[in-house]
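# Survey of secondary and tertiary structure
As a plain string of letters, each chain reads:
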Amino acid sequence: MSDQQPSPHLAQMAGAPKAYAPPQARGVSASYRRWASILIWLAIIIAVLVVVAFVASLVLLAQADADDRNAAYGYLAIFLWFGIVAAIPVLLAVAIPGSVMKRRVRQQRQAGITPS
């Protein structure tokens, strides 16, 4: 149990003035715009690699199914699937911040806020 007594009045929040306005967003810097573009392009590259790996795995499975001597191709397809599964979180980790950053850059460009 605590030895402190509750205060006799409700705690007042240190306050905002009555005419409070949210702070204005600053313009984004050139490096912020550059990193937004880099993240978007990385997401595009990773997505293309995932699609290529998926198509290659289908081709490998078809080759493994066609002939018994090419059964090792099926294992290569499974290896590609593991790569695809490992790439999905990386794709999300790059694409989500990149798209949020690009949206912020686009909104500030439309609002006419000068870059800082």
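Before reading on, note that the structure itself is shown above.
Scope of this entry: the structure provided in the associated data block. (Residues numbered from 1 in each chain as written. Predicted model: local features only at pLDDT ≥ 70, side-chain atom pairs only at ≥ 80, totals over all residues. Heavy atoms only, no water.)

### Notes on the overall build of the protein chain
Helix and strand content of the protein chain: 2 helices and 0 strands. In the protein chain, the proportion of contacts linking residues at least 24 apart, taken out of those at least 6 apart, comes to 76%. (Helix = DSSP H or I, 4+ residues; strand = E, 2+ residues; numbered from the N terminus. Contact = heavy atoms within 4.5 Å.)

### What to know about the nonpolar core
Counting 11 residues, the largest nonpolar core is built from Ala36, Leu39, Ala43, Ile46, Val50, Ala53, Ile84, Ala87, Leu91, Val94 and Met101. Going through the elements one at a time, helix 1 (30-66) and helix 2 (72-111) are the ones with two or more residues in this core. (Core = buried A, V, L, I, M, F, W, Y, C linked by side-chain atoms within 4.5 Å. Buried < 20%, exposed > 50% of the residue type's maximum accessible area, 1.4 Å probe, protein only.)

### Some details on the packing of aromatic side chains
How two aromatic rings sit relative to each other is given by the distance of their centres and the angle of their planes. Tallied over the full model, the rule gives 0 aromatic pairs. Note that Arg104 overlies the ring of Tyr32, its terminal NZ or CZ placed 5.0 Å from the centroid. (Phe/Tyr/Trp six-rings, centres within 6.5 Å; stacked < 30°, edge-to-face > 60°. Lys NZ or Arg CZ within 6 Å of the ring centre and 35° of its normal.)

### Focus on the packing of helix 1 against helix 2
The contact between helix 1 and helix 2 brings their axes to 7 Å, and the two run at 155°. In terms of their interaxial angle, helix 1 and helix 2 are classed as roughly antiparallel. With respect to the hand of their crossing, helix 1 and helix 2 are arranged in left-handed fashion. (Axes fitted to C-alpha atoms, helices over the stretch in contact; angles between N-to-C directions. Parallel < 35°, antiparallel > 145°, perpendicular 65-115°, else oblique. Left-handed = near helix turned anticlockwise from the far one by under 90°.)

### Topic: helix 2
Over its 40 residues, helix 2 extends 57 Å from the first C-alpha to the last, a length consistent with the 58 Å expected when each residue adds 1.5 Å. Along helix 2, the helix axis deviates most sharply at Ala87, where the bend reaches about 25°; the proline Pro89 sits within four residues downstream. Of all the residues in helix 2, the buried ones are Gly74, Ala77, Ile84, Ala87, Leu91, Val94, Gly98, Met101, Val105 and Gln108. Elements that come into contact with the buried residues of helix 2 comprise helix 1. (Expected span 1.5 Å × (residues − 1). Bend = angle between axes of the 7 residues up to and from the residue.)

### Some points on helix 1
In this model helix 1 runs 54 Å from its N-terminal to its C-terminal C-alpha over 37 residues, within 8% of the 54 Å that 1.5 Å per residue would give. When we look at burial in helix 1, the residues that qualify are Ala36, Leu39, Ala43, Ile46, Val50, Ala53, Ser57, Leu60 and Ala64. In this structure, the buried residues of helix 1 make contact with helix 2.

### Focus: a nonpolar patch on the surface
There is a patch of nonpolar side chains on the surface, built from Val51, Phe54, Val55, Leu58, Val59, Leu61, Tyr75, Ile78, Trp81 and Phe82 and spanning about 980 Å² of accessible area. Where the nonpolar patch is concerned, the elements lending two or more residues are helix 1 and helix 2. With respect to the helices, strands and loops of the structure, Phe82 is situated in helix 2. (Patch = residues over 30% accessible without salt bridge, like charges linked within 9 Å, V, L, I, M, F, W, Y side chains within 5 Å. Areas by Shrake-Rupley, 256 points an atom, 1.4 Å probe, with all protein chains shown as cover. Salt bridge = Lys/Arg side-chain N within 4 Å of Asp/Glu carboxyl O.)

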